[in-house]
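Analysis of the macromolecular model
Next come the chains, spelled out residue by residue.
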Amino acid sequence: MTGKREKPAAKIGRARPSRWPLALMLVVLTPAALAQNTPKQPGVGGHAKRTLTITVPTEGEYFVRFLPSPDAKEPDQLPFRFLDRKTTVEYDPSEIGKAARIAVDDAKTGDTAIRPLSGKDAPAAGLLDLRKADFDHVRQMDVHVLYKGDPVAAARVTLTPRTGPSVTRVLDPAKKGTATFEDVPMGRARIAVVYGDNLTQTQDLDITGDRPPGILSVTVPVASAVPVVAGVSKGGSPDAGPNAHPANEEKAAPPSAVPPQSGGLIGWLGNLLGLAIAAGTIYLLYRWAKSGGMAATLQKAGIEVSGPTEGDQTAAPWAPQHPTTPAVTDPTVCEFCGEKKDSAGRCACSALPTGGAGAAVAPAGLTSVGQPRLVGTVGTYAGRVFPIGSGVTIGREPANDMPLPDDAAVSRRHATVRVEGDGLVVTDENSSNGVYVNGVRISGSATVRLGDEIQIGNTRFRFEV
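These remarks concern the structure in this document. Please read all numbers here as calculations on a predicted model, not as lab measurements.

1. Considerations on the nonpolar core
- In this structure, Met141, Val157, Ile191, Val193 and Ile207 are the most contacted members of the largest nonpolar core, which totals 25 residues.
- Only strand S8 (137-147), strand S10 (155-160), strand S12 (178-185), strand S13 (187-195), strand S14 (199-207) and strand S15 (216-221) provide two or more residues apiece to this core.
- The dominant element in this core, judged by the number of residues it contributes, is S8, at 5 residues.
- Setting aside anything within four residues of it in sequence, one finds Met141 in contact with Leu159, Ala179, Thr180, Phe181, Val184, Ile207, Leu216 and Val218.
- Residues Ile394, Met402, Leu424 and Ala446 belong to the second largest nonpolar core, which totals 23 residues.

If you want it as structure tokens, here you go:
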């Protein structure tokens, strides 16, 4: 046995790897992993979000909308609703663009306030204090293009507001003649409609905040014929004018809601009954007018009328009656009133007054033994005999020689009659209803012979001696 230590036998197997490569990998990968799992901080590797506090004039329902600019990464933004006078919103300028704007909509009035989020007019210190005058836009305006009350099938509608660029909408049948515009500035505006064969219709309007709440509705009727949308009833569109509100308009009833019209035997009998009632009414009115009842009713109401009245059944103007010698069965009895004549052969109805108005004066031209007189034949004074002597005045006032106070169709001073030759001369004294001789109205004066008839008011008088 010697003093040397023997070397241990070598182990057979895989050699142990070095630890330096693993440590080097940890040093390289750890910062990247930490950077990936650590959230971005404002201003460090990302974009800072901003907050904006909005104050409105009155409490109510409002909506906040962001209006992105063309460089926006996310142009579609959801509106934010609030009910108090103050709210705070948060936004990322990188998402809505550098020239984005903010809009606050008043749901009650339909008005909108729009302000930029950048530039000199941007809200200062993150505060946007809105007044009533700041709501100077209309959230939505519908322009209805109609031809004779029906929606136009195709047109191009251009809205030019007082500020901002013009906006154009193209109508097709699916839009049923309605072009919708949003965020329209208040003030003077012009609507131009191009339709048909390049025809143009323009309309100016003033958009104000003093209008009914809701959607602003304007109707532009075109003058020339143009294809319209079929199946849309007339009157379905709102009335013209900037104050119309289609949401308050009643919808046209569908065809199924319209009650069917009656037909068949029942409808035919109803039509026949209606015609019979109408014909009967016309006939009764004709008979009433023909009988004089209508004229009498008008006279009672104080309306002077001419023509036949109640009790006058003669349909056509009368013909003059020129009597020859009347047939008298009893020479001692008056053929007119049926009374006994006196010893001189005169009747009481033929007796003339001895003095005063209408006094009897022997007419120079009349050779008959009788005295001239007017005998009522038809009307108010039928059967009455009025001696006329050499002449009388006729009228409704008692001061006339021949007063007719019971006839409202007689004027106060209606006519004058005087004996001339073998007849009479009757003169119309500018009466309301005129004087008729043998059914013909006279103008001025006319000659009347024995047997002729004179109509004064509602009475016909025959001239006799």
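2. Some points on the sheet that holds S10
- Spatially, S11-S10-S13-S14 is the arrangement adopted by the 4 strands of the open sheet, whose pairing is antiparallel. The two strands at the open ends of the sheet, each matched to only one other strand, are strand S11 (167-171) and S14. Neighbour-to-neighbour, the strand axes of this sheet turn through a mean angle of 20°, independent of strand direction.
- Inspection of the sheet shows S13 paired to S14 by 9 bridges, in the antiparallel sense. Paired with Arg190 across the two strands is Asp204, which belongs to S14.

3. Focus on the environment of Gln201
- Here Gln201 lies in strand S14.
- Between the C-alpha atom of Gln201 and that of Val145, which follows or precedes it by 56 residues, the distance is 9.9 Å.
- Setting aside residues no more than four positions away along its own chain, Gln201 makes contact with Ile191, Ala192, Val193, Tyr195, Val220, Pro221, Val222 and Ala223.

4. Brief notes about unusual backbone geometry
- Within the chain, Lys148 stands out as a residue other than glycine whose phi angle is a positive 55°.
- With respect to the helices and strands, Lys148 occurs in the loop between S8 and strand S9 (150-151).
- A positive phi angle, near 50°, is found at Asp183, a position not held by glycine.
- Its place among the elements puts Asp183 in strand S12.
- Taking relative accessible area as the criterion, Asp183 reaches 18% and is therefore assigned buried.

5. Notes on the side chain of Thr427
- Secondary-structure assignment places Thr427 in strand S21 (residues 423-428).
- Only 2.7 Å separates the side chain of Thr427 from the side chain of Ser445, close enough to count as a polar contact.

6. Observations regarding the side chain of Asp452
- Tracing the backbone shows Asp452 in the loop between strand S24 (445-448) and strand S25 (453-456).
- Buried and unpaired, Asp452 has Arg449 as its nearest opposite-charge partner, separated by 6.0 Å.
- A polar atom in the side chain of Asp452 sits 2.9 Å from the backbone nitrogen of Arg449.

7. With respect to the sheet that holds strand S19 (residues 402-403)
- Strands sit in the order S19-S18-S20-S21-S24 across an open sheet of 5 strands; the sheet is mixed. Since the sheet does not close on itself, it has two edges, and those belong to S19 and S24, each with one partner.
- Of the strand pairs in this sheet, strand S20 (residues 415-420) and S21 are connected by 6 bridges, and their pairing is antiparallel. Bridge assignment links Arg418 to a residue of S21, and that residue is Val425.

8. With respect to a nonpolar patch on the surface
- A contiguous nonpolar patch, built from Leu285, Trp288, Met294 and Leu298 and spanning about 330 Å² of accessible area, is present on the exposed surface.
- For the nonpolar patch, the elements supplying multiple residues, two or more each, are helix H3 (264-291) and helix H4 (293-300).
- Assignment of secondary structure puts Leu285 in helix H3.

9. Here's the deal with the packing of aromatic side chains
- This structure, assessed with the given rule, holds 5 aromatic pairs.
- For the ring pair Tyr62 and Phe82, a centre distance of 5.5 Å and an interplane angle of 15° mean the geometry is stacked. Separated by 20 residues along the polypeptide, Tyr62 in strand S2 (residues 62-67) and Phe82 in strand S3 (residues 80-82) bring together distant segments of the chain. Exposure class is identical for Tyr62 and Phe82. Each is buried.
- Relative to Phe135, the ring of Tyr62 lies with its centre 6.3 Å away and its plane at 45°, an arrangement referred to as tilted. Of this pair, Tyr62 sits in strand S2 while Phe135 sits in the loop between strand S7 (127-129) and S8, and the two are 73 residues apart along the sequence. The same class applies to Tyr62 and to Phe135, which are both buried.
- A connected cluster of aromatic rings, assembled from ring pairs, spans Tyr62, Phe82 and Phe135.

10. Considering the pattern of salt bridges
- For the coordinates displayed, the defined rule picks out 15 salt bridges.
- Linking Asp183 and Arg139 is a salt bridge whose minimum nitrogen-to-oxygen distance equals 3.5 Å. Placement of the pair is Asp183 in strand S12 and Arg139 in strand S8, with a sequence separation of 44 residues.
- Residue classification places Arg139 among the partly exposed positions, given a relative accessible area of 23%.
- Between Asp206 and Arg188 there is a salt bridge, with the nearest N and O atoms lying 3.0 Å from each other. Of this pair, Asp206 sits in strand S14 while Arg188 sits in strand S13, and the two are 18 residues apart along the sequence.

Calculation notes
- Residues numbered from 1 in each chain as written.
- Predicted model: local features only at pLDDT ≥ 70, side-chain atom pairs only at ≥ 80, totals over all residues.
- Heavy atoms only, no water.
- Core = buried A, V, L, I, M, F, W, Y, C linked by side-chain atoms within 4.5 Å.
- Buried < 20%, exposed > 50% of the residue type's maximum accessible area, 1.4 Å probe, protein only.
- Helix = DSSP H or I, 4+ residues; strand = E, 2+ residues; numbered from the N terminus.
- Contact = heavy atoms within 4.5 Å.
- Pairing = 2+ DSSP bridges.
- Axes fitted to C-alpha atoms, helices over the stretch in contact; angles between N-to-C directions.
- Polar contact = N/O pair within 3.5 Å; in protein donor to acceptor, adjacent residues only side chain to side chain.
- Lys, Arg positive; Asp, Glu negative; His and termini not counted.
- Salt bridge = Lys/Arg side-chain N within 4 Å of Asp/Glu carboxyl O.
- Patch = residues over 30% accessible without salt bridge, like charges linked within 9 Å, V, L, I, M, F, W, Y side chains within 5 Å.
- Areas by Shrake-Rupley, 256 points an atom, 1.4 Å probe, with all protein chains shown as cover.
- Phe/Tyr/Trp six-rings, centres within 6.5 Å; stacked < 30°, edge-to-face > 60°.

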